[in-house]
Amino acid sequence: MPETIEKILKKHGRTTDELIPILQDVQKEFGYIAPESVKRISRYLKVSENQIYGVSSFYAQFRFTEPGRHGIKVCLGTACHVRGGATLLEMLERGLGISCGQTTDDKRYDLERVACLGCCALSPVVQIDRDIYSRMTVNRLTELLKEYE
Amino acid sequence: MTKEKKLSITIDNKKMEVRPNMTILQAARENSVYIPSLCILEHLPSYGACRLCVVEVDGLRGFPTSCTTPVEEGMVIRTDTAEVRSLRQEVLKLLLSEHPASCLFCGEQSECKDYQGTIRKVGVTTGCRYCPNDNRCELQLITEKVGLTETSYPVYYRNFPIEKEDPFYDRDYNLCILCGRCVRVCNDVRLNGTLSFKQRGKLTTIGPAFDRTHLDAGCEFCGACVTVCPTGALSAKVSKWYGRPDSQVGTTCVYCPVGCKVILQIKNDETIDALPDYDSPVDQGLVCVKGRFAIPEYVHSAKRYISPQRLTPIGYEDISWDKALDEAKERLSGIKPEDCLVVVSPQLSNEDLFVAQRFTREVMNSEEMFSLVITDLGADLVPFLDLVMHASSYDAINTAQGILAIGFDSTYGFTPIGIQIKAAARKGANLVTIGSYESNLDMLAETAHQTEPSHWAGMIDPLGKAMSGNGKTNIVIVGPDVFLGPERREALGRVIALRDVYKWKVIVAHPYTNLLGMLATGAFPGIKPGEVLKNGDKGSAVTIKGAAVYPDLQKKRKVVYVIGEARLDMVPPCDHLIYQNGLPPESGRKPDLILPACMFTETSGTTINAEGKVLPIQKAYEPFMKSKPDWWIMSGIAEKLQKRTFKYNSVQAIQGDIRKQIKGFFSMKKRLEFVRVGMKEGGEGTRDAALRGKRSPASREETYRGTPLASVVSGMKAIEERRRHE
């Protein structure tokens, strides 16, 4: 990890306006912003770790925990909500023992809610990694999850 | 300075002349026109966050914020129209929609006080006024000034847990209005960067990264955020329930030689808090954790002696001062000079030190004044003193081109120096650090070397050579890890070479508060009062005898008289130990006679800081119980011994004698300048081994008058632990 970080930093100047591009590159590379990355960036830009965290936590695009192997996104847009999206989410939260925005302890799943995936006719919709599953039910979702190790 | 052309403006129908380049808010405040603001901070650029300072300006659309609008010629400003008032009220209502408002709008407000007449803390906390800031709250004041008497919005209580896990201050972010003052003072004044806004929108909170504790996040615990907080969100643990102080006394912090001004907050003859003074020329209000938070608990420690005591076979017995002085007289009379050793603390005031040397020389006819500096530095005393006595003023850091910091970390001490270094580095100075651990300056350093102390000396020369030669000022900061480490001789020598050959300036960050005063007043073996001060045509060097400086610590004395020092492990064996201090000694050794001395808040005097400036120490209230000033006790014993040598009734009398004997001592404007000190005979080798054996591992601890701050100030324990094993 340290070498990769150094490589990313080398591509950027040492001015504070490079902070967000650096954070974006780090997130792209590692999937999240780790405390060690923040420390390295802090040294490189001469800005305190706390200030970097302040900036990055402002933006929804950055996350600070290691992502799970599979990302589950439950759509709660109007159509999906009406057709039971909320029930799906509740079942997932209970089944996985985590709430929205968290990762299971075994790093298997990430759970997130989204506002609309753009396919309301197929509602309720759940996205797992890059696959979209339509007309989802609690039973089918339970089965489906087993396929994602 | 060229005279600036004044601008004429009108505020609320009053014509006035103001300087250009200022904001409407500044102009108004200078002319005593009140405009409310919750985010403005003196010494920092305007921020424009709270929107309370809106005004009307002819020709400008809408309602500009006066803190961000510069004055212009002919401007017509109205600060108190009906529209402005209602706008401010609305802004304040929105601000208060996340702030518990029971203390602001309550029908029972006027009677509330009457029903709270129980024991203090219980009474305050069980009422609905649970905020420690009640009655000294800026928000209350502004609500009153803005004329808001009720709010139409429901109050959203964020229900954050109160954060109490860090030392020295508690945080209740339910009371926070997110004005941003703490974040700005932490980042822009202290250049520390512990606090920042986290998240956004209604989830916004304040704190360090990754939910770390402040201690882990690098907080200096300087309390600057607590001082500027307009609400009760941030509050000092020691003083939070005390309410408004009765009075304030400006004095000098005596915990280290920086010489920061602190403004003691006094209530019922007790120091409840100590605040920084941003206008102080020495430290610019940049006090460290010790000055800000470690004073009240130390000076009012429950361990303080309440009366003179004498050791009897069945324990200690309280005795009167008259008896105590008689006892001291009995022990001291008729003994030979070499049978008595006087131990003086470098943390005493100049006046106390002056009397201590008179006592030793004139009453005991001895030169044996031993002190912590001699134990700590051993055979390397002379190069150390050479650096300390010819230290630069702190301002030199501002203009320095190159800064070399060796073994120096300013997180919990020497913050005014550390912050100036950080500021210089930000402006482009070449900052190089050397240390065995990561220091708080490393983040801003051009290069940070982390190596064992044994390598340091070898690095100083090449680094110094590489950094100098540009004709600009360079400065080296020598931290305690240098001169208290085992390889100090070599390192100190190299630093002296840097100063003498390459003309570097030097600042030594040492813990011996009034070491310069000790040397100047002559409370040091072989140095007469004023002898080391540069004074016109007098000699330019003083040579002291090594044999006199290093006493034989194996030899048993009849009496050892310890003044203001609590580490008795460095005291040689003796028949009779007289112990004069405020708090009990550190080791198990039992003094035979205890003379309770005042704290620096209870007597006046002066101290000399590391720059050589003589700074005042102010008495804030009468001494605790039967405590007496050090000079009073020494003078009392001297009188009892009937030597007719001296007798002092006041600090002024001592200062008069100092003035007579040491020319130019109290010309406050000037820095005192020192001559060179050399040593001959027996300065080396033999004695050093004995001394070194005497040095306890605790010598690196922050102490005052020998007592570790961590043993009396609750929060300092956590600080000390972190400082040591970091």
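Residues numbered from 1 in each chain as written. Chains lettered and ligands numbered in written order. Predicted model: local features only at pLDDT ≥ 70, side-chain atom pairs only at ≥ 80, totals over all residues.

Peer 1: I'd like a description of the overall build of chain A, backed by residues and values.
Peer 2: Secondary structure summary: chain A contains seven helices and four strands in total. Going residue by residue from the N terminus, the α and β elements of chain A occur as α-α-α-α-β-α-α-β-β-β-α. Counting only C-alpha atoms, chain A reaches 50 × 30 × 25 Å along its principal axes. Counting contacts in chain A only where the partners sit at least 6 residues apart, residues at least 24 apart contribute 58% of the total. (Helix = DSSP H or I, 4+ residues; strand = E, 2+ residues; numbered from the N terminus. Contact = placed C-beta atoms within 7 Å.)

Peer 1: Describe the interface of chain B and chain A, listing the residues and the values that go with them.
Peer 2: A common way to express how large an interface is: the accessible area buried when the components associate. Counting from both sides, the interface comprises 15 residues of chain B and, opposite them, 14 residues of chain A. Tallying contributions element by element places strand E6 (residues 196-198) of chain B first for the side of chain B that touches chain A, with three residues. Looking at the side of chain B that touches chain A, its residues break down into eight nonpolar, five polar and two charged. (Nonpolar A, V, L, I, M, F, W, Y, C, P; charged D, E, K, R; others polar.)

Peer 1: Help me get a handle on the domain arrangement of chain A, residues and values and all.
Peer 2: Each assigned domain of chain A is listed here: domain 1 (2-58) and domain 2 (70-146). Measuring from the centre of the C-alpha atoms in domain 1 of chain A to the corresponding centre in domain 2 of chain A gives 31 Å. (Domains from an automatic or database assignment.)

Peer 1: Quick one: what's the story with the sheet that holds strand E9 (residues 247-252) of chain B, residue by residue and with numbers?
Peer 2: Residue and element names in this part refer to chain B. Spatially, E9-E10-E11 is the arrangement adopted by the three strands of the open sheet, whose pairing is antiparallel. Each having just a single partner strand, E9 and strand E11 (270-276) make up the two edges of the open sheet. Pairwise comparison of adjacent strand axes, ignoring direction, gives a mean angle of 30° for this sheet. Where E9 lies against strand E10 (residues 261-267), six bridges are found, and the strand directions are antiparallel. Paired with Val249 across the bridge in E10 is Leu264. (Pairing = 2+ DSSP bridges. Axes fitted to C-alpha atoms, helices over the stretch in contact; angles between N-to-C directions.)

Peer 1: Please provide a residue-by-residue account of the packing of helix H10 (residues 321-332) of chain B against helix H21 (residues 630-640) of chain B, values included.
Peer 2: All names here are of chain B. Relative orientation of the contacting elements H10 and H21 amounts to 60°, with a least axis distance of 9 Å. The orientation of H10 relative to H21 falls into the category oblique. The two elements H10 and H21 meet at a crossing, and its hand is right-handed. Within the contact between the two elements, H10 uses Leu325, Asp326, Ala328, Lys329 and Leu332 and H21 uses Gly636, Ile637 and Lys640. Residue composition of the contact of H10 with H21, grouped by class: four nonpolar, one polar and three charged. (Parallel < 35°, antiparallel > 145°, perpendicular 65-115°, else oblique. Left-handed = near helix turned anticlockwise from the far one by under 90°.)

Peer 1: Can you tell me about the environment of Arg171(B), naming the residues and giving the values?
Peer 2: Looking at the secondary structure, you find Arg171(B) in strand E5 (residues 169-171). Beyond its immediate stretch of four places on either side in the chain, Arg171(B) contacts Glu163(B), Ala233(B) and Leu234(B).

Peer 1: Give me the lowdown on helix H5 (residues 138-146) of chain B, citing residues and values where you can.
Peer 2: Residues and elements named next belong to chain B. Within the span of H5, buried status applies to Leu139, Ile142 and Thr143. Looking straight down H5, one finds that the buried residues subtend no more than 105° of arc, so they occupy a single side. Against the buried residues of H5 lie helix H2 (82-96). One or two steps after H5, the chain reaches Gly147, where phi turns positive at roughly 80°. (Buried ≥ 20, exposed ≤ 12 C-beta atoms within 10 Å, placed from the backbone. Arc of directions from axis to C-beta.)

Peer 1: Outline the sheet that holds strand E12 (residues 309-312) of chain B, supporting the account with residue identities and numerical values.
Peer 2: Residues and elements named next belong to chain B. Pairing is mixed in the open sheet, where seven strands are placed in the order E13-E12-E24-E23-E22-E14-E15. Of all strands in the sheet, those with a lone pairing partner are strand E13 (315-318) and strand E15 (369-370), marking the two edges. As paired elements, strand E22 (residues 557-563) and strand E23 (residues 574-581) share six bridges and run parallel to each other. By the bridge assignment for E23, Val560 is matched with Leu577. Docked against the sheet, helix H11 (residues 350-363) engages strand E14 (340-344), E15 and E22, running at close to 175° with respect to E14.

Peer 1: Pulling in residues and values, what's your account of helix H22 (residues 651-661) of chain B?
Peer 2: Residues and elements named next belong to chain B. The set of residues buried in H22 consists of Val651, Ile654 and Ile658. With its buried residues spanning 65° around the axis, H22 presents them on a single face. For H22, the exposed residues lying more than 90 degrees away from the buried face are Gln652 and Lys660. Contacts from the buried residues of H22 go to H11, strand E25 (605-608) and H21.

Peer 1: Pulling in residues and values, what's your account of the confidence of the model for chain B?
Peer 2: All names here are of chain B. Summing up the model confidence of chain B, the mean pLDDT is 90 and the portion of residues at 70 or higher is 93%. When the criterion is pLDDT under 50, residues 692-698 qualifies, and its contacts beyond four places in sequence or with other chains add up to ten contacts. For this predicted complex, the interface confidence reaches an ipTM of 0.87, while the overall pTM sits at 0.91. (pLDDT = per-residue confidence, 0-100.)

Peer 1: Explain unusual backbone geometry to me, using residue names and the numbers behind them.
Peer 2: Note the cis peptide between Ser123(A) and Pro124(A), where omega equals -5°. Turning to its location among the elements, Pro124(A) is positioned in the loop between strand E2 (109-114) and strand E3 (126-128). Even without being glycine, Arg135(A) reaches a positive phi, approximately 40°. Of note in this structure, Asn365(B) is not a glycine but carries a positive phi near 55°.

Peer 1: Just give me the short version of the domain arrangement of chain B, but keep the residues and values in it.
Peer 2: Residues and elements named next belong to chain B. With domains assigned, chain B is organised as domain 1 (7-80) and domain 2 (109-236). Here the C-alpha centroids of domain 1 and domain 2 sit 28 Å apart. Across the boundary between the two partners, domain 1 contributes eleven residues, which contact 14 residues of domain 2. Split by residue class, the side of domain 1 that touches domain 2 holds ten nonpolar, one polar and no charged.

Peer 1: Which residues make up the nonpolar core, and what values do they have?
Peer 2: With 229 residues, the main nonpolar core has Ile403(B), Ile477(B) and Val478(B) as its most contacted residues. Top element by residues in this core is helix H13 (residues 381-389) of chain B. It accounts for seven residues. Excluding anything up to four places from it in sequence, Ile403(B) contacts Ile397(B), Ile421(B), Ala424(B), Ala425(B), Ala429(B), Leu431(B) and Ile475(B). Counting residues in hydrophobic clusters, the runner-up holds 13 residues, among them Val74(A), Leu89(A), Leu92(A) and Val125(A). (Core = buried A, V, L, I, M, F, W, Y, C linked by C-beta atoms within 7 Å.)

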